[in-house]
Amino acid sequence: PPREIDLTATNLRSVAIEGAEVLSLALPDGLEALVLQTSRDTRWTVRAAEQGADLALTLRPHDGEGLGTLRGLERVRSLSITDFDALDLAPIADAFDLHTLTLHGRHATLARSDALARLPRLKTLHCCRCLRVDAEHVPPLAAWPSLEELWVVEALDTECVALKSR
C-alpha cells in the first residue's frame, strides 16, 4: 500500500521529498514549488489545487535516468528536470502542456527531442549540460510560436551548429 503524506493543513510554500518508492501526497493550497526525487520505480499520486497549474515542479532522478510515474499534476506549466544522465522527452511532452521547461543534465543525452513539437505553448526552454541533444530532430523554432527565451548552455559545438540550423 502507498505511504501517504497529507500536507493540506500546512502553510508551506515549498516542499522537497526524496527516497520514497510509492507515495501519495496531498499538497496545501498556495504551494509554489515541489521537488521530487524519482526513480524508474517511483509512482507518485499527488493531490494539488488545480492539478498543479500554479506549481513549479522539479524532478530529480535518483538513478540519473528514471522519472517513474506521476499522477495528479497534469496541469503543471513549469517543469525542471535536474541531475540526469539520459532523458526521453516524449513522455514529458505527452504528460504536460508546459510553458517553461528547464533541463539541467550531467553531461546528458536527450532522446526523442522531436516530441518537443507537442509543446506549442512553450515560452521558456533552458537546456544546460545536455551534450547529446539529438539536434537534427529538434523541432524548428516555428513549432513554438510562444517561445520568448531559449538557452542552450554547455552543449557540444556540433550540437549547437545543428540547433542553429533549426
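What you see is a predicted model, and the numbers here were worked out from it, not measured in a lab.

Novice: It is not clear to me how the overall build of the chain should be interpreted in this structure. Could you clarify?
Specialist: Counting secondary structure elements, the chain contains two helices and eleven strands. Mapped from its N terminus to its C terminus, the chain presents α and β elements in the order β-β-β-β-β-β-β-β-α-β-β-β-α. Here the chain holds 166 residues, and the buried ones make up 43% of them. For the chain, the proportion of contacts with a sequence separation of at least 24, taken over those separated by at least 6, is 37%.

Novice: Can you help me understand the pairing of strand β10 (residues 124-132) in this one?
Specialist: Regular strands show a simple pattern: their side chains alternate between the two faces of the sheet. Of all nine residues in β10, seven are buried; the element is thus mostly enclosed. When strand β9 (residues 100-111) meets β10, the two strands line up parallel, connected through seven bridges. Bridge pairing in β10 links T100 to T124. Bridge count between β10 and strand β11 (residues 149-153): five bridges; the pairing is parallel. For L125, the partnering residue across the bridge sits in β11 and is L150.

Novice: When you look at a nonpolar patch on the surface in this model, what are you seeing that I'm missing?
Specialist: Together, L141, L150 and V152 line one region of the surface with nonpolar side chains, adding up to about 240 Å² of accessible area. Mapped onto the elements of the fold, L141 is located in the loop between β10 and β11. Residue L141 is classed as partly exposed on the basis of its relative accessible area, which comes to 47%.

Novice: Would you explain the sheet that holds β11 in this entry?
Specialist: Read from one edge to the other, the open sheet built from seven strands follows the order β2-β4-β6-β8-β9-β10-β11, with strand pairing classed as parallel. In the strand order of this sheet, the two ends are held by β2 (14-17) and β11, each with one partner. Averaged over neighbouring strand pairs, the angle between their axes works out to 10° when direction is ignored. As defined by bridge partners, strand β8 (residues 78-88) adjoins β9 across nine bridges and the pair is classed as parallel. What sits directly across from L79, in β9, is L101.

Cut-offs applied
- Residues numbered from 1 in each chain as written.
- Predicted model: local features only at pLDDT ≥ 70, side-chain atom pairs only at ≥ 80, totals over all residues.
- Heavy atoms only, no water.
- Helix = DSSP H or I, 4+ residues; strand = E, 2+ residues; numbered from the N terminus.
- Buried < 20%, exposed > 50% of the residue type's maximum accessible area, 1.4 Å probe, protein only.
- Contact = heavy atoms within 4.5 Å.
- Pairing = 2+ DSSP bridges.
- Patch = residues over 30% accessible without salt bridge, like charges linked within 9 Å, V, L, I, M, F, W, Y side chains within 5 Å.
- Areas by Shrake-Rupley, 256 points an atom, 1.4 Å probe, with all protein chains shown as cover.
- Salt bridge = Lys/Arg side-chain N within 4 Å of Asp/Glu carboxyl O.
- Axes fitted to C-alpha atoms, helices over the stretch in contact; angles between N-to-C directions.

As far as function goes, none of this settles anything; it's purely spatial.
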